[in-house]
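Descriptive structure summary
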Amino acid sequence: MIDGVLTLQEAADELGVHYMTAYRYVRLGVMEASKSGGVWQVQRSAVERFREEAEAAAATTGPSGKGGARNRRAPWSRRLESRLVAGDAPGSWSVVEAAMAAGSELDEIYLDVLTPAMVSIGSRWEAGELDISIEHRATGIAMRILGRIGPRFGRRGRSRGVIALGAPAGEFHALPIAMLGDLLRLRGWEVSDFGVDVPTESLAHVIGQTPDLLAVGLSVMSSENLESLAEACAAAHVADPDVLVVAGGLAVADLDHARALGADAYAASGAEMDEVLTQFVRTV
Ligand code: B12
């Protein structure tokens, strides 16, 4: 044992469980571990944290043996974050599956599990703790999770209207738009997602070519792309003067900022965009 670092077998012995049980704790993200030279390594502090959480959980389990609200409130986003940072795609999916089995709704998976995990990864990159490659890989895994549960967001019946979503030229953050699309589908909107780094002329083309288009949602997460957003807003209005242009994303502060960039409306989330669209539909 290197100072403070245990092998998985040593961690299992410490916890008095079988090796495979300790291995399952790692894959489900309930005990932090990393792999070096193909060998799992567990910080002693991670074993202590796991033990404290397990004891706290045991103390709050009800007579049914099922934890109910506790299971639902488990630190799913931290568990997912640890699997995403480790680049563990199957483990990340297991955490999402476990959270859904514990009662988390589809939009809760996006807003209370995946989003906080990605935001924390961003803060750790900003703090110099994580290399930017981890962000790329985590997004890749997250997009596959969206690929698996995304279809469940579709709502049967007549759509409330056609929406186009995209990020202007130079903007590479794909997950916010992909998630936004599903959150709007959950509310009955028909969504076309044109992805990231969409050249302004292409955006104008699809807006002109999409029949009965009600609104366009443009996402910018990184402030360096605000000029490109302004160009996209102007091109959207030329392509279809009746379309509602909604701006959002971390780099857009509020309605005044969105309007200063040439958008008609601002929304910070899927729920807020649903509200903006519902109001707009009443006026057209
Ligand atoms: C993954 C990631 C990347 C990946 C993206 C990979 C990919 N293919 O998508 C890569 C590595 C490419 C990347 C690059 C960069 N990134 Co980056 N990235 C992130 C990170 C960690 C996660 C993004 C994410 O998925 N967020 C989670 C989702 C769900 O975001 P969300 O805000 O909750 O989205 C919701 C709402 O905002 C809203 N919403 C979003 N858009 C819209 C649009 C509309 C119309 C509406 C209504 C709502 C809406 O709905 C969404 C869904 O619920 C964020 C951290 C963060 N806090 O988000 C940093 C972050 C966004 N990146 C940042 C930066 C600075 C960069 C770089 C400039 C770094 C660099 N020097 O290279 C480049 C710029 C790239 C570019 N030109 O766009 C900063 C932005 C700071 C700022 N405001 O300018 C952040 C905040 C990191 C940080 N903490 O500093 N990044």
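You'll find the structure just up there.
About the thresholds
Residues numbered from 1 in each chain as written. Predicted model: local features only at pLDDT ≥ 70, side-chain atom pairs only at ≥ 80, totals over all residues. Heavy atoms only, no water. 1 Å grid on protein atoms, 1.4 Å probe; cavity = no way out; pocket = protein on both sides within 12 Å on 5 of 7 lines; lining within 4 Å. Points joined across faces, edges and corners; volume = space filled by probe spheres on them. Helix = DSSP H or I, 4+ residues; strand = E, 2+ residues; numbered from the N terminus. Nonpolar A, V, L, I, M, F, W, Y, C, P; charged D, E, K, R; others polar. Domains from an automatic or database assignment. Donors = N, O, S within 2.8 Å, 3.2 Å for Na, K, Ca; no water.

1. Things to note about empty space enclosed by the protein
Per the counting criterion, the structure on display carries one cavity of 30 Å³ or more. Considered as a void within the structure, the largest cavity measures approximately 80 Å³ in volume. If you go around the largest cavity, the residues you meet are Gly29, Val30, Met31, Glu32, Ala46, Arg49, Phe50, Glu53, Pro75, Arg78 and Arg79. Of all the elements in the fold, those that place two or more residues in the lining of the largest cavity are α3 (44–60) and α5 (76–85). The element contributing the most residues to the lining of the largest cavity is α3, with four residues. Of the residues in the lining of the largest cavity, the class split is five nonpolar, one polar and five charged. Formed jointly, the lining of the largest cavity draws a minimum of three residues from each of two domains, domain 1 (1–60) and domain 2 (63–153).

2. Describing the coordination of the cobalt atom of the ligand
In ideal tetrahedral geometry, four donors around a metal make angles of 109.5 degrees, whereas ideal octahedral geometry with six donors gives angles of 90 or 180 degrees. Exactly one protein atom donates to the cobalt atom of the ligand; that atom is His173 (NE2), 2.3 Å from the metal. Of note, His173 is situated in the loop between β4 (162–166) and α9 (175–185).

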